[in-house]
Amino acid sequence: MNDPLLVRALKNEPLERAPVWLMRQAGRYLEEYRALKAKYSFLELCKNPELAAEVTMQPIRFLQPDAAIIFADIMLPAEAMGFSIDFQPGPKVFNPVRSAGDIRALTLEDPAVKSSYVMDALRLVRRELEQEAGTGERKALLGFAGAPWTLACYLIEQGIYKHFQGTQVFFAREPQAALEFLGKITEITEAYLLAQLESGADAVQLFDSWAGNLGIDDYRRFSLPFTVRIIETIHRAGGKIILYLGGSSHLLAAAAESGADCLSVDWRTDLTIAFESVPKTMALQGNLDPCHLYQSAAEVVQDTESMLRRVPEQRRYIANLGHGILPETPRENAKAFVDTVKRGWPK
Ligand code: CP3
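Residues numbered from 1 in each chain as written. Predicted model: local features only at pLDDT ≥ 70, side-chain atom pairs only at ≥ 80, totals over all residues. Heavy atoms only, no water.

Moving on to helix α7 (residues 116–133). Here α7 contains 18 residues, and its C-alpha end-to-end distance of 26 Å stays within 8% of the 26 Å for a straight helix at 1.5 Å per residue. Taken together, the buried positions of α7 are Y117, V118, M119, A121, L122, V125, L129 and A133. Following α7 by one or two positions, G134 adopts a phi angle in the positive range, close to 55°. (Helix = DSSP H or I, 4+ residues; strand = E, 2+ residues; numbered from the N terminus. Expected span 1.5 Å × (residues − 1). Buried < 20%, exposed > 50% of the residue type's maximum accessible area, 1.4 Å probe, protein only.)

For the rest of this paragraph, the subject is the packing of aromatic side chains. As enumerated under the stated definition, the model contains 13 aromatic pairs in all. Aromatic pair F42 and F71: ring centres 5.4 Å apart, planes at 75°, arrangement edge-to-face. Residue F42 is found in helix α3 (residues 42–47), and its partner F71 is found in the loop between β1 (67–69) and β2 (85–87); the two are separated by 29 residues along the sequence. Considered together, F42 and F71 belong to a single accessibility category, that of buried residues. Sitting over the face of the ring of F62, R331 holds its NZ or CZ atom 4.0 Å from the ring centroid. (Phe/Tyr/Trp six-rings, centres within 6.5 Å; stacked < 30°, edge-to-face > 60°. Lys NZ or Arg CZ within 6 Å of the ring centre and 35° of its normal.)

This paragraph deals with the pattern of salt bridges. The final tally for this structure, using the stated rule, is 24 salt bridges. We note a salt bridge from R8 to E16, for which the minimum N-O separation is 3.7 Å. The exposure class of R8 is buried, given its relative accessible area of 8%. Given the relative accessible area of 54%, E16 is considered exposed. (Salt bridge = Lys/Arg side-chain N within 4 Å of Asp/Glu carboxyl O.)

At a minimum axis distance of 9 Å, the contact between helix α8 (residues 148–155) and helix α10 (residues 175–198) shows a crossing angle of 115°. The orientation of α8 relative to α10 falls into the category roughly perpendicular. Helix-helix and strand crossings are classified by hand; for α8 and α10 the assignment is right-handed. Here P148, W149, L151, A152 and L155 of α8 lie close against α10, whose contacting residues are F181, L182, I185 and T186. (Axes fitted to C-alpha atoms, helices over the stretch in contact; angles between N-to-C directions. Parallel < 35°, antiparallel > 145°, perpendicular 65-115°, else oblique. Left-handed = near helix turned anticlockwise from the far one by under 90°. Contact = heavy atoms within 4.5 Å.)

To continue, consider the pairing of strand β6 (residues 241–245). Along any regular strand the residues' side chains alternate between the sheet's two faces. Among the five residues that make up β6, five are buried, leaving the element largely enclosed by the rest of the structure. Here β6 shows two buried faces, one formed by I241, L243 and L245 and the other by I242 and Y244. Bridging between strand β5 (residues 203–208) and β6 involves five bridges; their strand directions are parallel. In the strand pairing of β6, Q205 is matched with I242. After leaving β5, the chain enters helix α11 (residues 216–236) and then returns to the sheet as β6, a path that is right-handed. Where β6 lies against strand β7 (residues 262–265), four bridges are found, and the strand directions are parallel. Residue pairing across strands places L243 opposite L263, the latter belonging to β7. (Pairing = 2+ DSSP bridges. Right-handed = clockwise from strand over helix to strand, strands pointing away.)

Before going further, it helps to examine helix α4 (residues 49–63). When the terminal C-alpha atoms of α4 are compared, their 22 Å separation across 15 residues agrees well with the 21 Å that a helix rising 1.5 Å per residue should span. The buried fraction of α4 is high, at 11 of 15 residues. By the burial criterion, the buried members of α4 are P49, L51, A52, A53, V55, T56, M57, Q58, P59, I60 and L63. Where the residues of α4 are buried, they touch α2 (31–37), α3, β1, α7 and α15 (331–342).

What follows deals with the site of the ligand. In the vicinity of the ligand lie 23 residues, with R28, Y33, K37, S209 and H323 positioned nearest. Q25 is positioned such that a nitrogen or oxygen atom in its backbone is 3.2 Å from an oxygen atom of the ligand. At a separation of 2.6 Å, an oxygen atom of the ligand approaches a polar side-chain atom of H323. Taking 870 Å² as the accessible area of the ligand by itself, protein coverage stands at 89%. Of the residues that constitute the shell around the ligand, the class distribution is 15 nonpolar, four polar and four charged. (Near = heavy atom within 4 Å. Polar contact = N/O pair within 3.5 Å; in protein donor to acceptor, adjacent residues only side chain to side chain. Areas by Shrake-Rupley, 256 points an atom, 1.4 Å probe, with all protein chains shown as cover. Nonpolar A, V, L, I, M, F, W, Y, C, P; charged D, E, K, R; others polar.)

Just distances and angles here, no functional claims.
This is how it looks when you write it as structure tokens:
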């Protein structure tokens, strides 16, 4: 049987239409998610494999996108580094890094064991997707993790700073400790993503949501080398990997060197220019502004078609938003987005 459409896009195979899914497609814009959230905390949903599998499948049943992304969070593997976390609903770290000594003192556990509930949930979803497909083509299953830079943004004490400048200040003052910290996060992330591939994920996505906060020199120092290490590890294991960079129009040329199978860009980047900036073998993913899903359904269709028209013929492409779907998005508009892509290339 054929590989899932999204996997074929990542393998550079010719496709009849673009695959489509939405970042953060499980979540508060769905009332079935809110119903579960009334009974369980976010961490309880993540840590119970049956519930996590159910939440993963909610948008699949409604939207019928081409991929499911496992319900989890980029913060979860930080527990394997000794961090104590919660969500309010944004991430809260009770013991953030405050000094180089804190970084030196970190001890690492195996995230495949510490976060084994993610692996159990992946196995459950993979089985459900296979059953749903019967003899037809199955939807893809994606695993994910945060990129080391983005995870570091959450794990370092921010003090008076907003927009994670606390992490940039710490890194400017303590570059050696910064590199040691990023190395430790990289080690955990590699083991975590490999375990996800072994547990049934067809491919993984690395979220570097805050890459755009960095200037090009710092991106090349504090993010790209660690991202490359992770990508090479995934490739050595035969896996495929999508790299998401938030706010990153100024980083495209550097990201093009990452070796990722697919680069996911946000709405600030013109897709036409993005295609000119990356090698032909690299797929692109994105990039509708999630705010545009609050327009009328007819306008969503128009904007989605205009996005598709920017994709040059013969180039590999996965339709998606430029960032996660927002909590009060009208669900019919998310559906209109998916349906428009599934109708095929617009005239
Ligand atoms: O895509 C999916 O459906 C899978 C689920 C998923 C979540 N977080 C669930 C979640 C994924 C892929 C993530 C990734 C994630 N988490 C990122 C990278 C993507 C991005 O948006 O940049 C980041 C930076 C985080 C950290 C994080 N976790 C934030 C900033 C928040 C608060 C977000 C908000 O909307 O308030 C979370 C909590 C979180 N993660 C929620 C969900 C559904 C909301 C929790 C709730 O329902 O109370």
